[in-house]
Amino acid sequence: MDSLDNTVRPYAWGSHTAIPALLGTAPTGTPQAELWMGAHPGAPSRLDRGAGAVTLTEIIRADPQAELGPETVAAFGPRLPFLLKLLAADAPLSLQVHPSRSQAQTGFADEERRGVPLDAPHRNYKDANHKPELLCALTPFEGLCGFRPAAEAAALLEGLGIDDLKPYVLALRDRQAADASPSSSGRGHPMREVLTALLGADRAALAPTVDRAAEAAARLGGPYAPYAGIARHHPGDPGVLAALLLHHVSLRPGEALYLGAGVPHAYLSGLGVEIMANSDNVLRCGLTPKHVDVPELLRVVRFEPTEPALLRPEPRPGGEEVYPAPIDEFRLSRYVLGTGGTDSTDSTGTGRGTGRGTGRGTEDGGTGRAVLPAGGPQILLCTDGTVTLRTQHAELTLARGRSAYVPASETVTATGPGTLFRATVAL
């Protein structure tokens with residue numbers, strides 16, 4: 001069992017204060033968007049087993065069978081198949097979608113064949129893996145996820161009262177086109193037609209329409225308010241109009257959102273724990289100055305209406321609360337140890353809150369003890385209070401924001417009071 005030293009990624013959309021508040025450190029004056037915990041080559045965690053600091057990637061490479069366990073290696077190869085993060089958004093992330101495994105394999109092989117450098121700004125596929133992900137809110141969290149039904153999106157656009165949007169409204173109400181495309185490819189689907197038109201339009205020519213839509217959204221408020229906020233961060237961006245095609249989602253602390261392949265989404269604000277397959281494949285749809293490959297995006301996006309996959313923790317024996325996801329690479333769960341069954345983060349990420357009914361506490365009467373079985377690699381993250389971890393060979397106490405790596409062979413006993421998130425594989 002090892003304490004992890006993790007890297008903070010300073011993306012421009014990140015909060016200046018949320019992650020420092022959780023860690024109990026002083027703000028740096030720059031955005032602190034994500035804290036990465038795992039063995040991703042972009043920012044692997046570091047640990048020290050007595051011979052100096054090394055990366056978790058190096059530790060696993062040296063003995064994958066011992067670190068990950070035979071079942072994990074057989075299923076995913078000699079690498080940690082998931083990445084755990086703290087994500088703190090203070091501005092909208094890019095509107096994006098992730099490929100399926102087969103799409104990633106095809107796209108990666110094609111770009112390798114064409115000799116596109118891995119660090120090229122127009123490169124779409126950094127690896128051959130899919131990137132399903134799950135985000136659990138630690139504070140109230142806002143996002144966009146999945147296409148609305150065409151008629152609902154049409155009504156929202158029409159309600160802005162902008163004449164230049166009428167062609168998109170009419171296209172979305174073309175039921176014959178919608179009925180002609182029951183498959184996820186979306187060929188002929190009105191949502192595909194509208195998204196193609198928005199992303200393919202001349203940005204300068206479309207900017208006045210985007211600005212008028214933003215002004216109307218700010219004036220109307222209500223369901224339009226989130227989109228007015230997006231427009232303030234991305235004036236004139238066609239992605240503002242594309243965002244109106246998606247569901248707006250509000251998560252309470254303790255609730256989670258699962259995002260599978262092909263589902264367009266964007267995080268807007270809040271602090272959360274995010275887990276994903278260990279991939280960096282992102283195709284962007286807007287709200288970004290980065291490369292947008294419209295033809296490849298249209299190949300990957302699922303155009304049928306998709307209700308957001310909201311999750312609440314499901315109680316399991318021993319006080320574990322699992323966030324169920326249809327994926328093998330990761331499994332995220334939570335233990336609320338000796339805190340009286342309440343979620344432990346308030347709206348600022350700096351103190352206690354009720355979680356509005358999403359917490360449970362332990363099954364042993366709130367004494368604050370849980371046993372985390374061996375069998376696969378684990379990363380453990382404390383988000384409130386303190387949690388003491390004990391194995392046969394070691395003891396480690398985690399404060400808020402601190403994390404630990406546990407090899408596959410180790411069983412852990414955790415005691416509180418505190419809240420502990422557990423990331424492992426779902427084999």
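Residues numbered from 1 in each chain as written. Predicted model: local features only at pLDDT ≥ 70, side-chain atom pairs only at ≥ 80, totals over all residues. Heavy atoms only, no water.

Novice: Which residues make up the side chain of Thr306, and what values do they have?
Specialist: Mapped onto the elements, Thr306 comes out in the loop between helix H13 (294-300) and strand S14 (309-311). Among the polar contacts listed, one links the side chain of Thr306 to the backbone oxygen of Glu304, at a separation of 3.1 Å. Thr306 has contacts with Cys145, Gly146, Phe147, His247 and Val263, leaving out every residue within four places of it along the chain. (Helix = DSSP H or I, 4+ residues; strand = E, 2+ residues; numbered from the N terminus. Polar contact = N/O pair within 3.5 Å; in protein donor to acceptor, adjacent residues only side chain to side chain. Contact = heavy atoms within 4.5 Å.)

Novice: Give me the packing of aromatic side chains: which residues, what numbers.
Specialist: Within the structure shown, the criterion is met by three aromatic pairs. Between Tyr11 and Trp13, the ring centres sit 5.7 Å apart and the planes meet at 35°, which makes this aromatic pair tilted. Accessibility expressed as a relative area gives 15% for Trp13, which makes it buried. Ring geometry for Phe141 and Tyr267: centres 5.5 Å apart, planes at 80°, overall edge-to-face. Of the two residues, Phe141 sits in strand S9 (residues 141-147) while Tyr267 sits in strand S12 (residues 265-277), which places them 126 residues apart along the sequence. Of the residues examined, Phe141 reaches a relative accessible area of 2% and is grouped as buried. Above the ring of Trp36, the side-chain terminus of Arg9 is found at 4.6 Å from the ring centroid. (Phe/Tyr/Trp six-rings, centres within 6.5 Å; stacked < 30°, edge-to-face > 60°. Buried < 20%, exposed > 50% of the residue type's maximum accessible area, 1.4 Å probe, protein only. Lys NZ or Arg CZ within 6 Å of the ring centre and 35° of its normal.)

Novice: Requested: an account of helix H5 (residues 101-113), with residues and values cited.
Specialist: When the terminal C-alpha atoms of H5 are compared, their 18 Å separation across 13 residues agrees well with the 18 Å that a helix rising 1.5 Å per residue should span. Buried residues along H5 sit against H13. Looking one or two residues past H5, Gly115 carries a phi angle of roughly 70°, positive in sign. (Expected span 1.5 Å × (residues − 1).)

Novice: Before we move on, can you summarise unusual backbone geometry with the specific residues and values?
Specialist: Of the consecutive residues Gly416 and Pro417, the connecting peptide bond is found in the cis state with omega at 10°. Mapped onto the elements of the fold, Pro417 is located in the loop between strand S23 (412-415) and strand S24 (418-424).

Novice: Kindly report on helix H11 (residues 225-233), identifying the contributing residues and their values.
Specialist: Turning to H11, its buried residues number three or more, namely Tyr227, Ala228, Gly229, Ile230 and Ala231. Against the buried residues of H11 lie S9, helix H6 (150-158), helix H10 (203-220), helix H12 (239-243), strand S10 (246-251) and S12.

Novice: Can you lay out the nonpolar core for me, pointing to particular residues and giving the numbers?
Specialist: In terms of nonpolar packing, the biggest core is built from 52 residues, with Leu144, Leu160, Leu172 and Leu245 touching the most fellow members. Per-element tally for this core: the top contributor is H10, with six residues. The contacts of Leu160, once residues within four sequence positions are left out, are Leu165, Ala213, Ala216, Ala217, Arg219, Leu220, Tyr224 and Leu244. Listed in part, the 39 residues of the second largest apolar core include Ala18, Leu22, Leu86 and Leu271. (Core = buried A, V, L, I, M, F, W, Y, C linked by side-chain atoms within 4.5 Å.)

Novice: Any chance you could break down the sheet that holds strand S15 (residues 314-315) for me, citing the residues and the numbers?
Specialist: One open sheet accounts for seven strands, arranged S1-S22-S19-S24-S17-S16-S15; its pairing is antiparallel. With one partner strand each, in any of the chains shown, strand S1 (2-3) and S15 form the two edges of the open sheet. Relative to S24, strand S17 (residues 331-337) runs antiparallel, the two sharing seven bridges. Following the sheet pairing, Leu337 is matched in S24 by Gly418. (Pairing = 2+ DSSP bridges.)

Novice: Help me get a handle on the pattern of salt bridges, residues and values and all.
Specialist: Enumeration over the complete set of coordinates arrives at 24 salt bridges. Asp110 is paired through a salt bridge with Arg113; the nearest N and O atoms lie 2.6 Å apart. Here Arg113 and Asp110 lie together in helix H5, a separation of three residues that amounts to about one turn. Residue classification places Arg113 among the exposed residues on the basis of a relative accessible area of 63%. Across the pair Glu296 and Arg299 runs a salt bridge, and its minimum N-O distance is 2.7 Å. With a gap of three residues between them, Glu296 and Arg299 both fall in helix H13, about one helical turn apart. Judged by relative accessible area, Glu296 falls into the buried class, the value being 16%. Among the residues examined, Arg299 registers a relative accessible area of 37% and is labelled partly exposed. In this structure, a network of salt bridges that share partners links the residues Asp2, Arg49 and Glu67. (Salt bridge = Lys/Arg side-chain N within 4 Å of Asp/Glu carboxyl O.)

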